[in-house]
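Here's the letter readout for the chains.
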Amino acid sequence: MQQQKAKALQPDASRQSLRDLTTNTIRAAILSGQYRPGDRLIEDKLAAEAGVSRNPVRESLRALEAEGLVELKPRRGAFVATLTEDDVLELIELRASLEGLAAKLAARRGDAALVAQIDDLLARGDAAATEPNDNALAELNHEYHELLACAGANRHLMEVMQLLRAKTQWLFGSIMTARARDSWGEHANILRAMRDGDDELAGLLASRHVADVGRFYLARDRDSSELDVDAIGVLVPPVPTSARSRSR
Ligand SMILES: [Zn+2]
């Protein structure tokens, strides 16, 4: 017992990585919708699923609480976090701003290899949009926005956006198919503006894209009568008509 305790107090790389692996497994299960918001997370069950003991599971749940994905309630246990309407609006606002910044930077940097890669992805996205498959679309959507962030070439922005993207993707998973055609059309317009080196337009289109997906989500999955959906529009001005026709 004494020995075990001493061992546990040592900084131990393998213990750390076991916790990280467990955290990644549980995070993926939450973000993929395997566990829904409000679901109780049972330590024994999670431990069995991840093939680990309860200790790393407990540590992982604390780490995921810090990320906002899990709620730990005293004497009641761990639950998948539920997002309030304010949370949803705030996430959309933040992501719309940052996605715009990433696209703006990407247009300025004009990395030809990444632009070609995004172009390639657009063809796959368009094809997937006609054959609705939530998982394939979620995957491609993730890839598109990750490449856009790469093209923005700001490591710190990419880091901030990674978790933010995971959380919004979690929200938007349920509308991925219904809005696929519009979304991939918008993705193409953003790339066109990037190619033209029009950083202002690329930024605006990217922000607008996130805001419009957010509005669609709010109008469909929530009682929008109680929500100020237009609040998102305040932060993201509409794309000027002249720029819109230019981008097509
Ligand atoms: Zn998108």
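Each value, and the rule that gives it
Residues numbered from 1 in each chain as written. Predicted model: local features only at pLDDT ≥ 70, side-chain atom pairs only at ≥ 80, totals over all residues. Helix = DSSP H or I, 4+ residues; strand = E, 2+ residues; numbered from the N terminus. Contact = placed C-beta atoms within 7 Å. Core = buried A, V, L, I, M, F, W, Y, C linked by C-beta atoms within 7 Å. Buried ≥ 20, exposed ≤ 12 C-beta atoms within 10 Å, placed from the backbone. Axes fitted to C-alpha atoms, helices over the stretch in contact; angles between N-to-C directions. Parallel < 35°, antiparallel > 145°, perpendicular 65-115°, else oblique. Nonpolar A, V, L, I, M, F, W, Y, C, P; charged D, E, K, R; others polar. Pairing = 2+ DSSP bridges. pLDDT = per-residue confidence, 0-100.

S.K.: What should I look at first to understand the overall build of the protein in this one?
M.R.: From N to C terminus, the protein includes 12 helices and 3 strands. Long-range contacts, defined as pairs at least 24 residues apart, comprise 74% of the intrachain contacts of the protein with a sequence gap of at least 6.

S.K.: Explain the environment of S97 here, please?
M.R.: Mapped onto the secondary structure, S97 falls in helix α5 (residues 85-109). In this structure, the C-alpha to C-alpha distance between S97 and A211, residues 114 residues apart in sequence, is 9.2 Å.

S.K.: I tried to follow the nonpolar core on my own but got confused; where do I start?
M.R.: One recurring pattern in soluble globular proteins: nonpolar side chains tend to sit buried together. Core analysis: the largest hydrophobic core is formed by 42 residues, its most contacted members being A102, A103, A106 and A202. Looking at this core, the elements that each hand over two or more residues are α5, α6 (112-130), α7 (134-152), α8 (155-172), α9 (180-195) and α10 (199-221). For A202, the contacting residues outside a window of four places in its chain are A103, K104, A106, A107, I190, A193 and M194. Of all hydrophobic cores here, the second largest spans 12 residues; its members include L41, L61, V70 and A78.

S.K.: Mind showing me how you'd approach the packing of helix α3 (residues 43-50) against helix α4 (residues 54-66) here?
M.R.: Relative placement of two packed helices is described by the angle separating their axes and the distance separating the axes. Interaxial distance between α3 and α4 falls to 9 Å at its minimum, and their mutual angle equals 110 degrees. Taken together, the axes of α3 and α4 are roughly perpendicular relative to one another. Contact with α3, carried on its side by E43, D44, L46, A47 and A50, involves R54, V57 and R58 of α4 and no other residues of that element. Of the residues assigned to the contact of α3 with α4, the class counts are 4 nonpolar, no polar and 4 charged.

S.K.: Explanation requested: the sheet that holds strand β1 (residues 40-41) in the structure shown.
M.R.: Paired through their backbone hydrogen bonds, the strands of a sheet run either parallel or antiparallel. With respect to topology, 3 strands assemble into an open sheet ordered β1-β3-β2, the strand pairing being antiparallel. Sheet topology places β1 and β2 (70-73) at the edges, where each strand pairs with a single neighbour. Here β1 pairs with strand β3 (residues 77-80) via 2 bridges, running antiparallel. Across the sheet, residue R40 finds its bridge partner in β3, namely F79.

S.K.: Could you clarify how one ought to interpret unusual backbone geometry in this entry?
M.R.: Positioned with a positive phi, R75 is a non-glycine residue whose angle comes to about 65 degrees. Tracing the sequence through the fold places R75 in the loop between β2 and β3. You will see that A153, though not glycine, has its phi angle at about 50 degrees, which is positive. Looking at where A153 falls in the secondary structure, it is placed in the loop between α7 and α8.

S.K.: Explain the pairing of β2 to me, please; I cannot follow it from the model alone.
M.R.: The side chains of a regular strand alternate between both faces of the sheet. Judged from the 4 bridges that link them, β2 and β3 form a sheet pairing that is antiparallel. By the bridge assignment, E71 is partnered in β3 with F79. Linking β2 back to β3 in an antiparallel pair, the connection comprises 3 residues, with R75 at a positive phi of about 65 degrees.

S.K.: Just to check I follow, could you spell out the confidence of the model for the protein for this structure?
M.R.: Averaged over the protein, the pLDDT score is 84; the fraction of residues at 70 or greater is 85%. Across the protein, β1 holds the top mean pLDDT of 96, while helix α1 (residues 2-9) sits lowest at 46. Low pLDDT (under 50) marks residues 1-10, which in the prediction has 0 contacts with non-local residues, meaning those over four places away or in another chain.

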